[in-house]
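Examining the three-dimensional arrangement
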Amino acid sequence: MTINQKNLVEEYEINPFTMIILPEEYGSKTYSKVIELEEEYLSPFRPIEIVKKSCKYFGSSYEGRKEGTRQLTGITHKIPIIIDPISSIYFMPTNSPANPDCIWVSHEHVLFHKKVDSHSTQVIFRNKKSITLPVSHHSFENQLLRTSLLRTKFMQRMKETERKALYLLHGSKYGELQGYHHASLVSEVFKDN
């Protein structure tokens, strides 16, 4: 592999345009090939290092994001994570993140996927780019479902928090406006707090 100096980046944070981060061997080192909607970059850091750095960039540690996923979903291995909750950037690993062959895929950008053979899955991204990944279709599908679960659980938690905040601001009137027939019960619960 020859390095195209134009697309070699020292600093890279995952962003809403990032679709996938693949390990790329360069001599004895593992670099990262980062594919965005319209650009490709090469970083001298391993994929897991980019993921960890991106978590920090958006105000958390990788370990904190993993623990958050565990708390919300109960998932304990090959844990999908929220890189940035504000921009809804969710990434999923194809293997154990400790594995040097682990690829990180943006859940948001996966348009379609299909089985190639027992060890490969073709992924079509939102920009119609196709990449065949060395992961079984079953495993890839499972990771998509687990990441969907994380997204759903996180959104439920956010909605629940929003409802509580609105109730505390507006009292039982909020419950009545929302069509809650048991608004008085809710007000009793919050009265003692």
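Residues numbered from 1 in each chain as written. Predicted model: local features only at pLDDT ≥ 70, side-chain atom pairs only at ≥ 80, totals over all residues. Heavy atoms only, no water.

Moving on to the sheet that holds strand β8 (residues 120-125). Taken in spatial order, the 3 strands line up as β7-β8-β9 in an open sheet, and their pairing is antiparallel. The open sheet has two edge strands, β7 (110-117) and β9 (130-133), and neither has a second partner. Averaged over all pairs of adjacent strands, the angle between strand axes in this sheet comes to 25 degrees, irrespective of strand direction. As paired strands, β7 and β8 are joined by 6 bridges and run antiparallel to one another. Looking at β8, one finds that D117 is bridged to S120. Here helix α3 (residues 137-170) sits on the sheet in contact with β7, β8 and β9, set at roughly 160 degrees to β7. (Pairing = 2+ DSSP bridges. Helix = DSSP H or I, 4+ residues; strand = E, 2+ residues; numbered from the N terminus. Axes fitted to C-alpha atoms, helices over the stretch in contact; angles between N-to-C directions. Contact = heavy atoms within 4.5 Å.)

This part covers the nonpolar core. Ranked by internal contacts, the top residues of the largest apolar core, which has 18 residues, are I14, V51, I81, I83 and W104. For this core, the secondary structure elements donating two or more residues are α1 (47-57), β4 (81-84) and β5 (89-93). If you tally residues by element for this core, the top one is α1, at 4 residues. If near-sequence neighbours (up to four positions away) are discounted, I83 is found in contact with I14, V51, S54, C55, F58, R65, I89 and F91. (Core = buried A, V, L, I, M, F, W, Y, C linked by side-chain atoms within 4.5 Å. Buried < 20%, exposed > 50% of the residue type's maximum accessible area, 1.4 Å probe, protein only.)

With that settled, consider the sheet that holds β5. If you walk across this open sheet you meet the 6 strands as β3-β2-β1-β6-β5-β4, and the pairing is antiparallel. Each edge of the sheet is formed by a strand with only one pairing partner; in this case those strands are β3 (40-43) and β4. Neighbour-to-neighbour, the strand axes of this sheet turn through a mean angle of 30 degrees, independent of strand direction. Note that strand β2 (residues 29-36) and β3 share 4 bridges and pair antiparallel. Considered in β3, the bridge of V34 is made with Y41. This element, α1, spans β1 (18-26), β2, β3, β4 and β6 (104-106) of the sheet and lies at about 60 degrees to β4. Against the sheet, α3 makes contact with β4, β5 and β6, and its axis sits at roughly 150 degrees relative to β5, the strand it touches most.

Keep in mind that these numbers describe shape and distance, not what the molecule does.
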